[in-house]
Amino acid sequence: MFYFHHYRKLLQINTQTLQIQSIQNPFLKSHYQTNPPSPFVQYLKNSCGFSPEKALTVSKMLKHTPKNPDSVLTFFKSHGFSESHIKIIINRIPRLLFAIPKSSLSPKIQFFIEKGLSESDIVGLIVSNPYILNFSLERCIKPGFDFIRGFLGNDRFVIELLKRSIFRFNLQRLVNNVAVLKNYGVSNCNISRFLVKRPTALMLLNPCQFNEKVKMVTEMGVIPSTCVFVEAVNITASLSRSTWDMKFKVYRSLGWSDEEILFAFRKHPSCIMISEEKIRRVMDFFVKELGWSTSYILSYPMLLSLSMEKRVMPRYRFLQVLESKGLISLDKKKFAWSFTIGPKQFLEKYVMKHQAKVPEIMKVYEAMIESKGLSIKDGEECEVQHL
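Before going into details, it helps to say that this report is about the structure given with it. (Residues numbered from 1 in each chain as written. Predicted model: local features only at pLDDT ≥ 70, side-chain atom pairs only at ≥ 80, totals over all residues. Heavy atoms only, no water.)

**A word on the packing of aromatic side chains**
(1) Moving on: In this structure the tally under the stated criterion is 21 aromatic pairs.
(2) Moving on: With a centroid separation of 5.3 Å and 85 degrees between ring planes, the pair formed by Trp-244 and Phe-265 is classed as edge-to-face. Taken together, the residues span a long stretch of sequence, with Trp-244 in helix α17 (residues 241-253) and Phe-265 in helix α18 (residues 258-267) at a distance of 21 residues. Comparing Trp-244 with Phe-265 shows no difference in burial state: the two are buried.
(3) Moving on: Their ring planes at 40 degrees and their centres at 4.9 Å tell us that Tyr-251 and Trp-256 sit as a pair that is tilted. Assigned by exposure class, Tyr-251 and Trp-256 land together as buried.
(4) Moving on: One aromatic cluster is present, formed by Phe-285, Phe-286, Trp-292, Tyr-296, Tyr-300, Tyr-316 and Phe-339 through successive ring pairs. (Phe/Tyr/Trp six-rings, centres within 6.5 Å; stacked < 30°, edge-to-face > 60°. Helix = DSSP H or I, 4+ residues; strand = E, 2+ residues; numbered from the N terminus. Buried < 20%, exposed > 50% of the residue type's maximum accessible area, 1.4 Å probe, protein only.)

**Focus: the environment of Pro-199**
(1) Moving on: Position of Pro-199 among the secondary structure elements: in the loop between α13 (188-197) and α14 (200-204).
(2) Moving on: Taking the relative accessible area as the measure of exposure, Pro-199 reaches 4% and is therefore buried.
(3) Moving on: Separated by 38 residues in the primary sequence, Pro-199 and Leu-161 have C-alpha atoms spaced 8.5 Å apart.

**Some details on the packing of helix α6 (residues 69-78) against helix α8 (residues 101-114)**
(1) Moving on: In contact at an axis separation of 11 Å, α6 and α8 are set at 20 degrees when each is read in the N-to-C sense. Comparing the axis directions of α6 and α8 gives the class roughly parallel. Classified by chirality, the crossing of α8 by α6 is right-handed. Contact with α6, carried on its side by Ser-71, Val-72, Phe-75 and Phe-76, involves Pro-101, Leu-105, Ser-106 and Ile-109 of α8 and no other residues of that element.
(2) Moving on: Across the contact of α6 with α8, the residue classes break down as 6 nonpolar, 2 polar and no charged. (Axes fitted to C-alpha atoms, helices over the stretch in contact; angles between N-to-C directions. Parallel < 35°, antiparallel > 145°, perpendicular 65-115°, else oblique. Left-handed = near helix turned anticlockwise from the far one by under 90°. Contact = heavy atoms within 4.5 Å. Nonpolar A, V, L, I, M, F, W, Y, C, P; charged D, E, K, R; others polar.)

**Here's the deal with helix α19 (residues 276-289)**
(1) Moving on: Between its first and last C-alpha atoms α19 spans 19 Å; for 14 residues at 1.5 Å apiece the expected length is 20 Å, and the two agree.
(2) Moving on: Those residues of α19 that fall on the buried side of the exposure criterion are Lys-278, Ile-279, Val-282, Met-283, Phe-285 and Phe-286. Across the axial projection of α19, the buried residues extend over an arc of 155 degrees, all falling on one side. Those residues of α19 that are exposed and aimed more than 90 degrees away from the buried face are Glu-277, Lys-288 and Glu-289.
(3) Moving on: Note on α19: the residue one or two positions beyond its end, Gly-291, has a positive phi of about 75 degrees. (Expected span 1.5 Å × (residues − 1). Arc of directions from axis to C-beta.)

**A look at the state of the cysteines**
(1) Moving on: With the rule as written, the count across this model stands at 0 disulfides.
(2) Moving on: Sulfur of Cys-189: no disulfide; nearest cysteine sulfur belongs to Cys-227 and is 6.5 Å away. (Disulfide = S-S within 2.5 Å.)

**Some points on the packing of α17 against α19**
(1) Moving on: For the pair α17 and α19, the least separation of the axes is 10 Å and the interaxial angle reads 20 degrees. Relative to α19, α17 is oriented roughly parallel. The two elements α17 and α19 meet at a crossing, and its hand is right-handed. Residue-level contacts link Met-246, Lys-247, Val-250, Tyr-251 and Ser-253 of α17 to Glu-276, Ile-279 and Arg-280 of α19.
(2) Moving on: Here the residues of the contact of α17 with α19 sort into 4 nonpolar, 1 polar and 3 charged.

Here it is as structure tokens:
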């Protein structure tokens, strides 16, 4: 009885608002003339903050009307979730409105509390990946958590992984795909690397598909014991056969043989993910502007992935300044290396080293950094914060 009166009251309160919106929105005017909004649509508008269109869409995703959605919303609010957080969660998983908080939601929240998460940590975790609440605590969340922790060794690392919305916590698929990697001789250390940096393939491919991708990578000559192996598997898993063939076609058009392309892939798998436009632009600069040969670029395939605007061109101009002052000689080998090293190492090697002889060199370097929208902090390049 309370439920009926509650919805009727909501419907009465928002009649005037709905009429105004109907006049302003032709779609709503036409729709509501033939399909008056249900009490539940009104409830979603007022309790979750959905627009009329979104409330209607969400209501159609549910076959039945939840009996006590207030208990779910009250549960979230009592655990630190704001109205905007709740809106995000219900928008992504409307069926959570059917949940019984005491038996299905509360135990999961308590589990994460026991793992050392604060209220704000839990809010961040669930808002970033509300699908966690879909899974059984005993059959999926606990054993999955323990399984991953066995590789990562730290609860916080597991939590960070769970925050990724791509993670759907298909425990059996994860276990089976990890077993595939072990069968090929991938170490626990590299499996941990896979989980932390490149979990997509482990979560989305079934064991048969995953095994095919791993086999393909080994046949290309990437050694399972190396750090690049898991990256190569993930990249191969994310590319269709047609895309893979297209990338080979681009490199061939620039004079690379298939063996040279595979050699570059074995050293730096990401080279196969670069867009055709960037491949041509980078090769045009290194070959035509700097006069490097394809075989030389093969020694540093990472060069292909570097940003021309934020890394290559600014450093190139800076190194030209050093050469003009007689501080360095742009030896080809050192030149390529200077593009690939990190900001801190570049600062130490090419700025601090020469500051005593040329005090103004720091200003030149700072100008280069600022041209990229960065600044120097503790010897590292970092984003400039505009207040």
